[in-house]
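The lines below spell out each chain.
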Amino acid sequence: MKYKSIIPLVISLLLLLGACAPSHPSESSDTLTPSESVESSTEPVASVPEGTALDESELDALREFFGDANNWNSQILASGEFYGVENIDLYLFFQRGIPLGAAAREADADERAYYVSVTNYGETFDILCLPISEMDKITREYLKLPLAELKGVGLDRFVYWEKTDCYYFKPAGANALLPEITGAYRQDDGSIRMYYHNQLESPTPEMVVTVLPENDTFRIISNQIVQ
């Protein structure tokens, strides 16, 4: 009978359709890897704050931590936007020299001559000196990392002299910041997002710094422009 010859054809057709059907990914393929999870934390912060608002005593602790314009914690904020302190712009961070808020160390005659020989800048410019040993002390205390473990962002804008193990630069401006806190909110992971403006400039973009409470102080995690 004719139907007997049709059966093998039908079976072949079904097998062919099954092979062409799209496969479905397993549940594990939808799980983010650790690197993808970390990457998602670098997304812009929304202008509508999320979390639990801090009380006045907690806000006072943040005000004390960031102190004034001559405070290194505030100087971290003056260093621009970054995700993770290892990515901070060291040129902006050290733009005011060491010590901060006082007479910074200036290059001596030999150091000035070397700087001019490398850059062709005129002799009359102020040239500041940054000993790497002093830079390392500052980053360890305020960024919680040795200088060598930072990404080195901005260091190429300095002039390094191996003989003295120092960086040299011509200061470009005050680059100071005094945060005016507009709100602070505790997140589910225990971190705090502090929204602020720079009181020393107008207008300025709204920024948010993320800090983590640690041993009666704060560890700075990131500094972002609010979108």
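Residues numbered from 1 in each chain as written. Predicted model: local features only at pLDDT ≥ 70, side-chain atom pairs only at ≥ 80, totals over all residues. Heavy atoms only, no water.

**Q** Please give an account of the packing of aromatic side chains that cites residues and values.
**A** One pass over the structure, following the stated rule, counts 15 aromatic pairs. For the pair W72 and Y142, a centre-to-centre distance of 6.4 Å together with 35 degrees between the ring planes defines the contact as tilted. Taken together, the positions of W72 in helix 4 (residues 72-77) and Y142 in helix 7 (residues 132-143) put the pair 70 residues apart, joining distant regions of the chain. The exposure class of W72 is buried, given its relative accessible area of 8%. What links up through ring pairs into an aromatic cluster is the set Y91, F158, Y160, Y167 and F169. Between the NZ or CZ atom of K170 and the centre of the ring of Y121, over which it lies, the distance is 5.4 Å. The residue whose ring lies beneath K170 is F125, and the NZ or CZ to ring-centre distance is 4.8 Å. (Phe/Tyr/Trp six-rings, centres within 6.5 Å; stacked < 30°, edge-to-face > 60°. Helix = DSSP H or I, 4+ residues; strand = E, 2+ residues; numbered from the N terminus. Buried < 20%, exposed > 50% of the residue type's maximum accessible area, 1.4 Å probe, protein only. Lys NZ or Arg CZ within 6 Å of the ring centre and 35° of its normal.)

**Q** Describe the sheet that holds strand 9 (residues 217-225), with residues and values.
**A** The sheet built from six strands is open, its strands ordered 1-6-7-8-9-2 with antiparallel pairing. Looking along the sheet, the strands with just one partner apiece sit at the ends: strand 1 (52-53) and strand 2 (82-83). Across seven bridges, strand 6 (residues 179-186) lies against strand 7 (residues 192-198) in antiparallel orientation. Looking at strand 7, one finds that Y185 is bridged to R193. (Pairing = 2+ DSSP bridges.)

**Q** If you had to explain the confidence of the model for the chain to someone new, which residues and values would you point to?
**A** Chain-level pLDDT for the chain is 83 on average; 78% of the residues reach the 70-or-more range. Across residues 1-41 the pLDDT falls below 50, and counting only partners more than four positions away or on other chains, this stretch makes two contacts in the model. (pLDDT = per-residue confidence, 0-100. Contact = heavy atoms within 4.5 Å.)

**Q** I'd like a rundown of the layout of surface pockets, residues and numbers included.
**A** For the second largest pocket, the calculated volume is near 230 Å³. Broken down by element, the residue count for the lining of the second largest pocket peaks at three residues, all from strand 7. Among the residues making up the lining of the second largest pocket, the classes are represented as eight nonpolar, five polar and two charged. (1 Å grid on protein atoms, 1.4 Å probe; cavity = no way out; pocket = protein on both sides within 12 Å on 5 of 7 lines; lining within 4 Å. Points joined across faces, edges and corners; volume = space filled by probe spheres on them. Nonpolar A, V, L, I, M, F, W, Y, C, P; charged D, E, K, R; others polar.)

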